[in-house]
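# Descriptive analysis of the structure
The chain contents come next:
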Amino acid sequence: EAAVTQSPRSKVAVTGGKVTLSCHQTNNHDYMYWYRQDTGHGLRLIHYSYVADSTEKGDIPDGYKASRPSQENFSLILELASLSQTAVYFCASSDAGANTEVFFGKGTRLTVV
Amino acid sequence: AQSVDQPDAHVTLSEGASLELRCSYSYSAAPYLFWYVQYPGQSLQFLLKYITGDTVVKGTKGFEAEFRKSNSSFNLKKSPAHWSDSAKYFCALEGRTGGNNKLTFGQGTVLSVIP
């Protein structure tokens with residue numbers, strides 16, 4: 001069964017600190033994504049990747065970096081965490097090509113204090 | 001620019017009733033449209049998608065959705081509803097040009113089905 005695993009599942013970070021959210025997929029998918037979800041909003045795309053060692057900016061990349069060291073792993077990095085980055089973050093993966101199903105992880109709840 | 005709107009933040013109905021969750025979109029051409037469901041404590045799961053052809057598409061768990069180009073809508077339906085359908089539902093759009101599976105999501109609708 002297709003699986004996307006995120007770690008940690010929840011985290012409290014201090015303002016100005018560095019946060020790394022990790023994602024691992026066993027789907028053998030080329031594409032991976034990071035979305036954030038805020039109360040009252042849908043998921044918004046932060047960064048995505050088509051292939052290892054390459055990342056692309058999504059719709060709201062400011063304040064975030066991404067790293068794709070291998071096909072299976074995709075990290076989201078907050079170099080200087082801010083209060084406004086408190087949200088739930090979802091990692092996802094999919095096959096290449098249009099209109100294919102996207103598989104999501106269970107999400108990471110990040111609270112910046 | 002593309003966008004998706006789910007105007008109902010919450011929908012509550014009784015088990016056995018018919019459910020319809022509303023979704024409208026804005027896109028310059030015909031989009032790919034999806035519905036995903038998120039059960040409490042779980043990840044988003046794919047329900048169904050519209051690509052082209054028949055305007056009524058059937059998905060998993062007994063759900064179906066109707067694509068209406070005339071009013072740019074893609075409403076999710078099921079009859080009858082079951083208490084186990086209680087979850088948060090997301091409508092999403094993928095553009096047909098350079099989409100690369102990048103989804104634009106609506107705000108989501110929380111469905112509560114009362115036994």
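Residues numbered from 1 in each chain as written. Chains lettered and ligands numbered in written order. Predicted model: local features only at pLDDT ≥ 70, side-chain atom pairs only at ≥ 80, totals over all residues. Heavy atoms only, no water.

### Observations concerning the state of the cysteines
- Within this structure, the stated rule accounts for two disulfides over all chains.
- Between the sulfur of Cys23(A) and that of Cys91(A) lies a disulfide, 1.9 Å long from S to S. Sign of the S-S torsion, about -80° for the bond between Cys23(A) and Cys91(A), identifies this disulfide as left-handed. With Cys23(A) in strand β3 (residues 19-25) and Cys91(A) in strand β9 (residues 87-94), this pair connects stretches of sequence that are 68 residues apart.
- One disulfide bridge connects Cys23(B) with Cys91(B), the sulfur atoms lying 2.0 Å from each other. Measuring handedness by torsion sign, the sulfur bridge of Cys23(B) and Cys91(B) sits at about -65° and is left-handed. Of this pair, Cys23(B) sits in the loop between β3 (19-21) and β4 (24-26) while Cys91(B) sits in strand β10 (residues 87-94), placing them 68 residues apart in sequence. Of the two residues, Cys23(B) and Cys91(B), neither departs from the other in class, the shared state being buried. (Disulfide = S-S within 2.5 Å. Helix = DSSP H or I, 4+ residues; strand = E, 2+ residues; numbered from the N terminus. Buried < 20%, exposed > 50% of the residue type's maximum accessible area, 1.4 Å probe, protein only.)

Just geometry here; none of it tells us what the structure is for.
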